[in-house]
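Chain residues, written in single-letter form:
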Amino acid sequence: MGFSVLKRLVRLCVCLLPFATGAVAATSDTNASFATKAAQAYMIEASTGTVLLAKNENQTFSPASLAKLMTVDLVFDALSRNQITLDTQYPVSEYAWRTGGAPSRTATMFAALKSNVRVEDLIKGVAIQGANDSCIILAEGMSGGEPAFAAAMTRRAKTLGMERSIFGNSTGLPDGKSKTTALDMVTLAAELRKSYPNLYPYFAQPDFEWNRIFQRNRNPLLGFGMGVDGLAIGFAEGEGYSIVASAERDGRRLIMALGGIASDKERTEEAKRVLEWGLTAFESRQIFADAEVIGQASVYGGTSRSVDLVAKTPVSVYIPINNPERLSARIVYRWPLMAPVEAGHEIGTLRIFAAGRLLREVPLYTKETVAVGSLSSRAVDALMELGETLLFSWLWDKPEPT
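Here the residue index of a chain counts from 1 through its sequence in written order. Residues qualify for local features only when their pLDDT is at least 70, as the model is predicted, and side-chain atom pairs are given and counted only at 80 or more; totals for whole chains, interfaces and linings, by contrast, use all residues. The side-chain values count all of the structure's non-hydrogen atoms but skip hydrogen atoms and water molecules.

- The protein carries the name serine-type D-Ala-D-Ala carboxypeptidase in an unreviewed UniProt entry, which gives Rhizobium tibeticum as its organism.
- UniProt positions are given in the numbering used here, feature names are shortened, and annotations may be inferred rather than shown by experiment. The record in UniProt for the protein states the following under Function (unreviewed entry): "Removes C-terminal D-alanyl residues from sugar-peptide cell wall precursors."

Laid out in structure tokens, this is it:
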């Protein structure tokens, strides 16, 4: 579909909702041109938020060591708020040593029992080695214990929009209740990269030495020269192997989460294949220019019966190079919109679809102010609003066919 045609259609396809709506996830398993071996998959282009791949992206699975990304997020957030510093030191408890240290025979930074370790070294232990002792030491130091820290992890997840994620500990070690989704993991990875650009590079450090033990970064994609600079891998018994990764090439950044892969080797191969496809099979297309009017919203009781809607930045999407998909779009906003309306007020979203799959959502803002109208115009609008309310309520209340 030509983009000029799409612009005409989006101005006609305006969806009025009686309540504010949240973000809508991409429809699962709709990318027929590309198949992945992963049971759950989600990948976006970061600058536009365009969804490039979605397969069971809302299906929950055990995060395993991917949970460590939420542990890191809480630490980064505390650093950004000056609640702790990189030089803050936390003690190594016997629980941290036994559960995640040398005796545990799990991923560890080999922190010595009853020693004190700087926050920066603990971050390196988590980001580079996926060290369980590092996570527990941070949890105990920041919250007094793992249960309180895990509760903070889950609360933080909700504030980021990770609605389906629950964390039972700081490490991702089996606990029977932790769960996440591919979409939630991409949301978290995007937050880490966007909000903490000075701290995010820890994920890309190739190696780390502690307690005279040298260890390489556990991310298998870092050494392939494809622009990968993080983030984490995981494994859960009975659910398979998972990975969250981000890559940048030629100014294009992708963020990906895969889960439910059969083996460690297949995880590496599949992650490489998915990222390479995402980096080469799409091109950017601008749909609306900066400050271009995208559509209108009806206004009741104002000097004007509509207000123009614009985005704050140019609106672009990534589409397949070889087989461009049919694009469609609609504007969604809270109805009814009553005067006065201020300019620059966020009023709704533009939703862009390809073959029925949601590609991205863009916030829309009012372009101008609409003042309160005259008494007579308000009376007319009130009658129109009443009529439309009755019409829409009939449509909303209409029973589903049986």
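1. Here's the deal with the packing of aromatic side chains
Now for step 1: The pairing test for Phe, Tyr and Trp rings, Trp by its six-membered ring, is centres within 6.5 Å, and the orientation test on the planes gives stacked under 30 degrees, edge-to-face over 60, and tilted for anything in between. Summed over the entire model, instances satisfying the criterion amount to seven aromatic pairs.
Now for step 2: Ring centres of Phe-208 and Trp-210 lie 6.4 Å apart, and the angle between their planes is 15°; on these two criteria the pair is classed as stacked.
Now for step 3: For every residue, the accessible area (1.4 Å probe, protein chains only) is compared with the maximum for its type, and the residue is labelled buried under 20%, exposed over 50%, or partly exposed between those bounds. You can call Phe-208 buried: its relative accessible area is 7%.
Now for step 4: The exposure class assigned to Trp-210 is partly exposed, which follows from its relative accessible area of 24%.
Now for step 5: Note on Trp-277 and Phe-282: the rings are 5.0 Å apart at their centroids and 75° apart in plane angle, and the pair reads as edge-to-face.

2. Topic: the pairing of strand E2 (residues 40–45)
Now for step 1: Helix numbers and strand numbers start at the N terminus; a helix is a DSSP run of H or I with at least 4 residues, a strand a run of E with at least 2. Across the six residues that make up E2, a large majority, six, are buried.
Now for step 2: Every second residue of E2 is oriented toward a common face, with Gln-40, Tyr-42 and Ile-44 on one face and Ala-41, Met-43 and Glu-45 on the other, all of them buried.
Now for step 3: Note: E2 against strand E10 (residues 252–261), six bridges, orientation antiparallel. Its bridge partner lying in E10, Glu-45 is registered against Leu-254.
Now for step 4: Alignment of E2 against strand E3 (residues 51–55), held across four bridges, turns out to be antiparallel. The residue of E3 that forms the bridge with Tyr-42 is Ala-54. If DSSP finds at least two bridges between two strands, the strands pair.

3. Re the pattern of salt bridges
Side-chain pairs of opposite charge can arise whenever the charged atoms involved come near each other.
Now for step 1: Just to be clear on terms, a salt bridge is a Lys or Arg side-chain nitrogen sitting within 4 Å of an Asp or Glu carboxyl oxygen. The full count for this structure, using the stated rule, is 15 salt bridges.
Now for step 2: Residue Asp-77 is joined to Arg-81 by a salt bridge in which the shortest nitrogen-to-oxygen separation is 3.0 Å.
Now for step 3: Since its relative accessible area comes to 51%, Arg-81 is described here as exposed.
Now for step 4: The salt bridge involving Glu-248 is made with Arg-253; its shortest N-O contact spans 3.1 Å.
Now for step 5: Residue classification places Arg-253 among the buried positions, given a relative accessible area of 8%.
Now for step 6: The network of salt bridges with shared partners includes Asp-87, Arg-118, Glu-120 and Asp-121.

4. A word on the sheet that holds E10
Now for step 1: With antiparallel pairing, five strands are arranged side by side in an open sheet as E3-E2-E10-E9-E8. Looking at the sheet topology across the chains shown, the edges are occupied by E3 and strand E8 (228–236). Direction aside, neighbouring strands of the sheet carry axes that sit 5° apart on average. In this description, a line fitted to the C-alpha atoms serves as the axis of each element, helices being fitted only across the stretch in contact, and the angle between N-to-C directions of two axes falls anywhere from 0 to 180 degrees.

5. Re unusual backbone geometry
Now for step 1: The linkage connecting Gly-230 with the following residue, Leu-231, adopts the cis geometry, with an omega of 25°.
Now for step 2: With respect to the secondary-structure elements, Leu-231 resides in strand E8.
Now for step 3: The omega torsion of the bond from Ala-339 to Pro-340 falls at 5°, within 30 degrees of zero and hence cis.
Now for step 4: Along the polypeptide, Pro-340 turns up in the loop between strand E15 (327–334) and strand E16 (346–354).
Now for step 5: Of note in this structure, Arg-105 is not a glycine but carries a positive phi near 55°.
Now for step 6: Secondary-structure assignment places Arg-105 in the loop between helix H3 (94–100) and strand E5 (116–118).

6. Overview of the pairing of strand E14 (residues 315–320)
Now for step 1: The buried fraction of E14 is high, at six of six residues.
Now for step 2: Note that strand E11 (residues 282–288) and E14 share six bridges and pair antiparallel. From the neighbouring strand, Ser-284 faces E14, where its bridge partner is Tyr-318.

7. Some points on the packing of helix H2 (residues 68–80) against helix H7 (residues 182–195)
Now for step 1: Where H2 contacts H7, the two axes come as close as 10 Å, and the packing angle between them is 30°. In terms of orientation, H2 and H7 fall into the roughly parallel class. The chirality of how H2 crosses H7 is left-handed. Only Met-185, Leu-188, Glu-191 and Leu-192 of H7 make contact with H2, whose side of the interface consists of Leu-69, Met-70, Val-72, Asp-73 and Phe-76.
Now for step 2: Of the residues belonging to the contact of H2 with H7, the class tally is seven nonpolar, no polar and two charged. The labels follow the angle: roughly parallel below 35 degrees, roughly antiparallel above 145, roughly perpendicular from 65 to 115, and oblique for the rest. Rotating anticlockwise by less than a right angle from the far helix to the near helix defines a left-handed crossing, while the corresponding clockwise rotation defines a right-handed one. Two residues form a contact once any of their heavy atoms are found within 4.5 Å. Note on residue classes: Ala, Val, Leu, Ile, Met, Phe, Trp, Tyr, Cys and Pro are nonpolar, Asp, Glu, Lys and Arg are charged, and everything else, Gly too, is polar.

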